[in-house]
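A closer look at the structure
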Amino acid sequence: MYAKMIFTIFVGTSLLFSLDTGPNTVVCDLVVMQVQAGQNNIETKIEFPSFEYRINLLLYFVFPVLILLILLILKIRQLDLHLDDDSRTN
Amino acid sequence: MEKNNRRKILNLIIWGWAGVTSIPFLSTVFRFTSPPKREGPITAAVSTTEEVPPNSGKTVSLGNRPVLLITTPEGERRAFLANCTHLGCVVRYREEENDIYCACHHSVFDIEGKNMSGPAPRPLPQLPIEIENDNIVVTVS
Amino acid sequence: MIQKYFKNWCGERLPLDTIRNHFKNKFVPRHRHTIWYYLGGLTVFFFVIQLLTGVLLMIYYKPTMEGAHQSVVYIINEVPFGWLIRSIHSWAANLMIATLLLHLMRVFYLQAYRPPRELMWMSGFILLFLILGFGFTGYLLPWDDIAFYATQIGTEVPKSIPLVGPTLVALLRGGEDIGEATITRMYTLHVFVLPIATLLFVGIHLFLSQYYGASKPITTRPKGKDIPFYPNFVLRDLRTWCIALILLIGVAILMPWGLGEEADILRPAPEGVKPEWYFIPMYQTLNILPARILIFDGETILNSVLMIGGFVVFLLPFLDRKAKQRERNKFILTAGTLVILYCIVITVSAYI
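Overview of the structure. Remember, predicted model here, so these are calculated numbers, not experimental data. (Residues numbered from 1 in each chain as written. Chains lettered and ligands numbered in written order. Predicted model: local features only at pLDDT ≥ 70, side-chain atom pairs only at ≥ 80, totals over all residues. Heavy atoms only, no water.)

Scanning chain C from N- to C-terminus turns up 15 helices and four strands. Computed over the C-alpha atoms, the radius of gyration of chain C is 23 Å, within 12% of the 20 Å expected from 2.2 N^0.38 for a compact globule of 352 residues. Expressed as a percentage of the 352 residues in chain C, the buried residues total 48%. Nonlocal contacts in chain C, meaning residues at least 24 apart in sequence, comprise 79% of its contacts between residues at least 6 apart. Side chains of chain C carry 31 positive and 22 negative charges; the gap between the two charge centres is 21 Å. (Helix = DSSP H or I, 4+ residues; strand = E, 2+ residues; numbered from the N terminus. Rg over C-alpha atoms; globule rule 2.2 N^0.38 Å. Buried < 20%, exposed > 50% of the residue type's maximum accessible area, 1.4 Å probe, protein only. Contact = heavy atoms within 4.5 Å. Lys, Arg positive; Asp, Glu negative; His and termini not counted. Charge placed at Lys NZ, Arg CZ, Asp CG, Glu CD.)

What follows is the structure in structure tokens.
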């Protein structure tokens, strides 16, 4: 069981770091706000990042949480098994 | 005994991984709260030559920063970043003394921007200046 | 070594043993409805997310007529991950209200409000109104045209309340009409008044939930041993929150929350002005109600019915005499089901 768990973590981590995404590589250059020397370019239309980028971002956030989820479920199972042991001895 | 050890390892992994999980979230928060970077140099006409006669100074704002324009008694024009190099107060030109003065901690600079007395550690950064059709054009980086 | 010293140091100064004993002796009943116990915790989880993302949005948001819409556009377009934070804030708000309503239903159907938990029901009822208040005040803040008109209509409704109505409307709007004064008022309520009140009542609600423990349903038979609250049930809660977080981030990223055109006071109302879905039952009822019923205004009647209904729901634990004797109250359950069905039907009818 632990071998499986460590394998999961290993695969998850390597996937996580192989994804070329995340806050540090995100291209999101900022424009200084409109105050600069009379240039007033007030935008009223919103624009979201591309779908592809968003999918990558999604994986970037979801992978670690997913692994945490698996670990928690393992822990719960461990505790519940322990609980059953208790009820058997009672 | 063995059971306790196993439990300890699992707890350690869970807490460790919870820490890892928080990294993408915390770095997102950090990026969100980091102030936007200033964009490259800004060049703009900030004043007319008439507004800064010889032996006078004027403070203007360029890209949200204060800029001190001075004209020496000899008629030479200069521009400095107006934040005192000590703790950042805005400096002013003194006609009587013919120097640049910071009222916060009494730092005095000469009209070349060099720190003469007081706690200021460095000269005021001088900015490139150009005169175009009676307009003073300054570039701030 | 250090850990042990620290534990001892704290143990001598704080009632840690009492707290530990409390959690050790707390159990959550295990039966076929146990899954519904997660809804309250989920609501708290979403509320915490709202607090965090709300603080972040507050850094860039400007509560002025010129600045409001523009600053939201700036957050979405320019601030790194601004679109994501804002999208999460909007989605979590809706999910929070959804889990809150489901939580309300589970408490109602399992009749968990029966003695001694009357105070939990009442504090929960107040929380419902505070959270709806968040939804209402937050809806206007982006200052887009749909939000503007929804607020226009929403703040018009209390006008028909006898005596206090017009004053109430003026207080909400900060004047006769919706404008800059309304934005700053809604903003103050949204980021200061409501959070403090909500934190207070969440504190009371959570304290009571620890004090009484989870209620056992009247008729359901237990299924195995009770679950220890700590660590078993806490871990189950954490697992649920992980799932909720994945879903939340998923929808927030794949369906980022949009933003309408900037509100313009002079522009005629656009098509499809609708409040958020949780206000639809009220809004739609107002639409289908005739303008006058006998000598009364339709609005006055709706307001009266809502106020009386709210009062009845608030005092439900005292009105349900059967639940006190651990009997299912058929009349109240049927009435509640009818109200819920009405809300669902009318909401669906508003969208098709």
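Now that the structure has been shown, we can carry on.
Let's shift gears to the layout of surface pockets. Taken as a whole, the second largest pocket encloses approximately 1500 Å³ of empty space. The wall of the second largest pocket is formed by 48 residues, among which Leu68 of chain A, Trp15 and Ala18 of chain B together with Leu238 and Trp241 of chain C lie closest to the centre. Breaking the lining of the second largest pocket down by element, the ones donating at least two residues are α2 (51-89) of chain A, α1 (2-33) of chain B together with α2 (16-24), α3 (38-60), α5 (82-109) and α10 (229-254) of chain C. Along the lines of polarity and charge, the residues of the lining of the second largest pocket split into 34 nonpolar, seven polar and seven charged. (1 Å grid on protein atoms, 1.4 Å probe; cavity = no way out; pocket = protein on both sides within 12 Å on 5 of 7 lines; lining within 4 Å. Points joined across faces, edges and corners; volume = space filled by probe spheres on them. Nonpolar A, V, L, I, M, F, W, Y, C, P; charged D, E, K, R; others polar.)

Contact with chain B, which involves eight residues of that partner, is made by 13 residues of chain C. Both faces considered, chain B and chain C share a buried interface measuring about 880 Å² in area, 81% of it formed by carbon and sulfur atoms. Area buried by chain B at its contact with chain C is led by Thr28, Arg31 and Phe32 of chain B, which between them contribute 63% of it. Where chain B touches chain C, the interface holds zero salt bridges. Applying the counting rule to chain B against chain C returns one residue pair in polar contact (both at pLDDT 80 or more). (Buried area = accessible area lost by both parts, 1.4 Å probe. Salt bridge = Lys/Arg side-chain N within 4 Å of Asp/Glu carboxyl O. Polar contact = N/O pair within 3.5 Å; in protein donor to acceptor, adjacent residues only side chain to side chain.)

Below, the discussion takes up the sheet that holds strand β6 (residues 99-102) of chain B. Residues and elements named next belong to chain B. If you trace the four strands from one edge of the open sheet to the other, you get β5-β6-β7-β8, paired in antiparallel fashion. Only two strands of the sheet have a single partner each, and these edge strands are β5 (92-94) and β8 (115-117). Adjacent strand axes in the sheet meet at a mean angle of 40 degrees when their direction is disregarded. In terms of strand pairing, strand β7 (residues 107-109) meets β8 through two bridges, oriented antiparallel. Residue pairing across strands places phenylalanine 109 opposite asparagine 115, the latter belonging to β8. (Pairing = 2+ DSSP bridges. Axes fitted to C-alpha atoms, helices over the stretch in contact; angles between N-to-C directions.)

Residues and elements named next belong to chain C. Across the interface, helix α11 (residues 280-288) lies against helix α12 (residues 298-314) with an axial gap of 10 Å and an inter-helix angle of 145 degrees. Handedness of the α11/α12 crossing: right-handed. Taken together, the residues of α12 that come into contact with α11 (itself represented by Met282, Thr285 and Leu286) are Glu299, Leu302 and Leu306. Its residues placed into classes, the contact of α11 with α12 shows four nonpolar, one polar and one charged. (Left-handed = near helix turned anticlockwise from the far one by under 90°.)

The subject of this paragraph is the packing of aromatic side chains. A full pass over the atoms with the stated rule returns 25 aromatic pairs over all chains. Above the ring of tyrosine 101 of chain B, the side-chain terminus of arginine 94 of chain B is found at 4.0 Å from the ring centroid. It is arginine 13 of chain C that lies over the ring of tryptophan 9 of chain C; its NZ or CZ is 4.1 Å from the centre. (Phe/Tyr/Trp six-rings, centres within 6.5 Å; stacked < 30°, edge-to-face > 60°. Lys NZ or Arg CZ within 6 Å of the ring centre and 35° of its normal.)

Residue and element names in this part refer to chain C. Here helix α6 (residues 118-140) crosses helix α9 (residues 180-212) at 155 degrees, and the two axes come no closer than 9 Å. Classified by the angle between their axes, α6 and α9 sit roughly antiparallel to one another. Here α6 and α9 pass one another in a crossing that is left-handed. (Parallel < 35°, antiparallel > 145°, perpendicular 65-115°, else oblique.)

What links the strands of a sheet is backbone hydrogen bonding, and the strands pair in either a parallel or an antiparallel sense. All names here are of chain B. The sheet built from four strands is open, its strands ordered β2-β3-β4-β9 with antiparallel pairing. Only two strands of the sheet have a single partner each, and these edge strands are β2 (56-62) and β9 (126-127). Both strand β3 (residues 65-71) and strand β4 (residues 77-81) contribute to a ladder of five bridges, which runs antiparallel. From the neighbouring strand, valine 67 faces β4, where its bridge partner is leucine 81.

Each partner contributes to the interface: chain A provides 38 residues, whereas chain C provides 37 residues. For the pair chain A and chain C, the two sides together bury roughly 3300 Å², of which 73% comes from carbon and sulfur. For lysine 45 of chain A, the salt bridge identified is with glutamate 261 of chain C, shortest N-O distance 2.8 Å. Each residue belonging to the side of chain A that touches chain C can be placed in one class, and the counts come to 26 nonpolar, four polar and eight charged.

Now for the state of the cysteines. By definition, a disulfide is the covalent link that joins the sulfur atoms of two cysteine residues. Residue and element names in this part refer to chain B. With the rule as written, the count across this model stands at one disulfide over all chains. Between the sulfur of cysteine 89 and that of cysteine 104 lies a disulfide, 2.0 Å long from S to S. On the S-S bond that ties cysteine 89 to cysteine 104, the torsion sits near -95 degrees, and the link is left-handed. Here cysteine 89 is found in the loop between β4 and β5, whereas its partner cysteine 104 is found in the loop between β6 and β7, with 15 residues between them in sequence. Overall, cysteine 89 belongs to the buried group, its relative accessible area being 19%. Cysteine cysteine 102 remains unbridged, with the sulfur of cysteine 84 as its closest cysteine sulfur at 3.9 Å. (Disulfide = S-S within 2.5 Å.)

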